[in-house]
Amino acid sequence: WRTSDILESTAPAPFREFKDRHPDFAITAVGISPASERVVTAGRRGKMVVWNIADERVIAEADGQHNSDQVSGIFFESETQFVSAGYDGKVFRSTVSGNEITATRIERNPGESDPDFIVRLRPSPDRQRFATSEVSLLKGKKSGQLNVMIWSNDGTRPLLSHPIDIPDNDKELAFRHDVSWSSDGRELMLIQDGVIAIFDTTEWKLLRKLKS
């Protein structure tokens with residue numbers, strides 16, 4: 001959609017439609033390139049398609065990414081490069097060259113293990129950093145823990161010193177949250193079950209906590 005159309009109408013018509021490449025499984029993540037020339041769509045079985053916005057043409061596509069599991073988030077770093085996260089617990093940087101997509105895993109700090117699932121991916125406004133919401137199951141139990149990982153050129157770090165517990169009888173708790181960066185990238189907000197926590201993104205200190 002175009003912003004101008006949305007502002008003028010409560011039921012705006014789509015400006016462009018990208019379809020017929022994910023016929024069997026839902027689209028679970030979408031990203032638009034910095035110059036708004038390309039869009040990438042990703043699905044529940046790891047299929048990714050890069051489109052040209054001007055004419056809805058398919059530029060490149062790849063099947064079975066993220067171990068053929070669901071892609072939970074995706075964003076363009078540049079016109080030819082994007083980052084994705086998935087339910088396989090991994091993060092990849094993919095490069096578009098011609099009609100091919102080549103993915104390279106972004107490694108964590110030495111000694112850090114992958115979570116069982118990544119359920120959110122949120123880039124900073126300048127696309128230089130990003131946050132992933134990650135679920136790790138507890139050994140021998142059906143319950144788990146939720147934490148937010150911050151990724152940058154300096155490596156990875158957990159946002160929370162104490163992960164949020166996910167009880168066995170409320171597994172949906174992992175999805176009742178979201179993460180958002182301020183427009184200048186100086187603050188990061190985590191909202192979870194009516195509690196809003198705002199962090200400074202330089203020293204990653206908790207600035208304030210609010211209840212909605």
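For the structure, check the block above.
Bear in mind that the values here come from a model prediction, so they are computed numbers and not experimental data. (Residues numbered from 1 in each chain as written. Predicted model: local features only at pLDDT ≥ 70, side-chain atom pairs only at ≥ 80, totals over all residues. Heavy atoms only, no water.)

## Quick notes on the pattern of salt bridges
Scanning the model with the defined rule gives 19 salt bridges in all. Put simply, Glu17 and Lys19 hold a salt bridge, and the shortest N to O gap is 3.5 Å. Residues Asp114 and Lys90 are paired through a salt bridge, measuring 3.8 Å at the closest nitrogen-oxygen approach. Of this pair, Asp114 sits in the loop between β8 (100–105) and β9 (117–123) while Lys90 sits in the loop between β6 (81–86) and β7 (91–97); the two residues are 24 residues apart in sequence, bridging distant segments of the chain. Asp114 gets classed as partly exposed once you look at its relative accessible area, which sits at 27%. Of the residues examined, Lys90 reaches a relative accessible area of 26% and is grouped as partly exposed. What you see here is one network of salt bridges that share partners, running through Lys90, Arg105, Glu107, Arg108, Asp114 and Glu134. (Salt bridge = Lys/Arg side-chain N within 4 Å of Asp/Glu carboxyl O. Helix = DSSP H or I, 4+ residues; strand = E, 2+ residues; numbered from the N terminus. Buried < 20%, exposed > 50% of the residue type's maximum accessible area, 1.4 Å probe, protein only.)

## Section: the nonpolar core
Of all hydrophobic cores here, the largest spans 20 residues; its most connected members are Val148, Ile150, Leu159 and Leu188. Elements supplying a minimum of two residues to this core: β10 (130–137), β11 (144–152), β13 (164–166), β14 (177–181), β15 (187–192) and β16 (195–200). Top contributing element to this core by residue count: β11, with three residues. When neighbours within four sequence positions are excluded, Leu188 is seen to be in contact with Ile150, Leu159, Val179, Ser180, Trp181, Ala197, Ile198, Phe199, Thr201 and Trp204. Counting 14 residues, the second largest nonpolar core, distinct from the first, contains Met48, Ile59, Ala60 and Val96. (Core = buried A, V, L, I, M, F, W, Y, C linked by side-chain atoms within 4.5 Å. Contact = heavy atoms within 4.5 Å.)

## What to know about the side chain of Ser72
By the element assignment, Ser72 lies in strand β5 (residues 71–78). At a separation of 2.7 Å, a polar atom in the side chain of Ser72 contacts the main-chain carbonyl oxygen of Ile118. Look past the residues within four positions of Ser72 in its chain and what remains in contact with it is Thr28, Ala29, Ala85, Gly86, Tyr87, Ile118, Val119 and Arg120. (Polar contact = N/O pair within 3.5 Å; in protein donor to acceptor, adjacent residues only side chain to side chain.)

## A word on the environment of Ile164
Here Ile164 lies in strand β13. Accessibility expressed as a relative area gives 18% for Ile164, which makes it buried. Residues Ile164 and Asn147 lie 17 residues apart in sequence; the distance between their C-alpha atoms is 6.4 Å. Leave out the neighbours within four places in its chain, and Ile164 touches Gly144, Gln145, Leu146, Leu173 and Gln192.

## What to know about the packing of aromatic side chains
Scanning all chains against the criterion turns up six aromatic pairs. Ring centres 5.7 Å apart and planes at 70 degrees place the aromatic pair Phe76 and Phe82 in the edge-to-face group. What makes Phe76 buried here is its relative accessible area of 0%. With a relative accessible area of 0%, Phe82 lands in the buried category. Relative to Trp204, the ring of Trp181 lies with its centre 6.2 Å away and its plane at 80 degrees, an arrangement referred to as edge-to-face. One end of the pair, Trp181, is in strand β14; the other, Trp204, is in the loop between β16 and β17 (206–211), with 23 residues separating them in the sequence. With respect to class, Trp181 is no different from Trp204; both count as buried. Among the aromatic residues, ring-to-ring pairing joins Phe75, Phe130 and Trp151 into one connected group. The lysine or arginine in question, Arg16, covers the ring of Phe15, its NZ or CZ lying 4.3 Å from the ring centre. (Phe/Tyr/Trp six-rings, centres within 6.5 Å; stacked < 30°, edge-to-face > 60°. Lys NZ or Arg CZ within 6 Å of the ring centre and 35° of its normal.)

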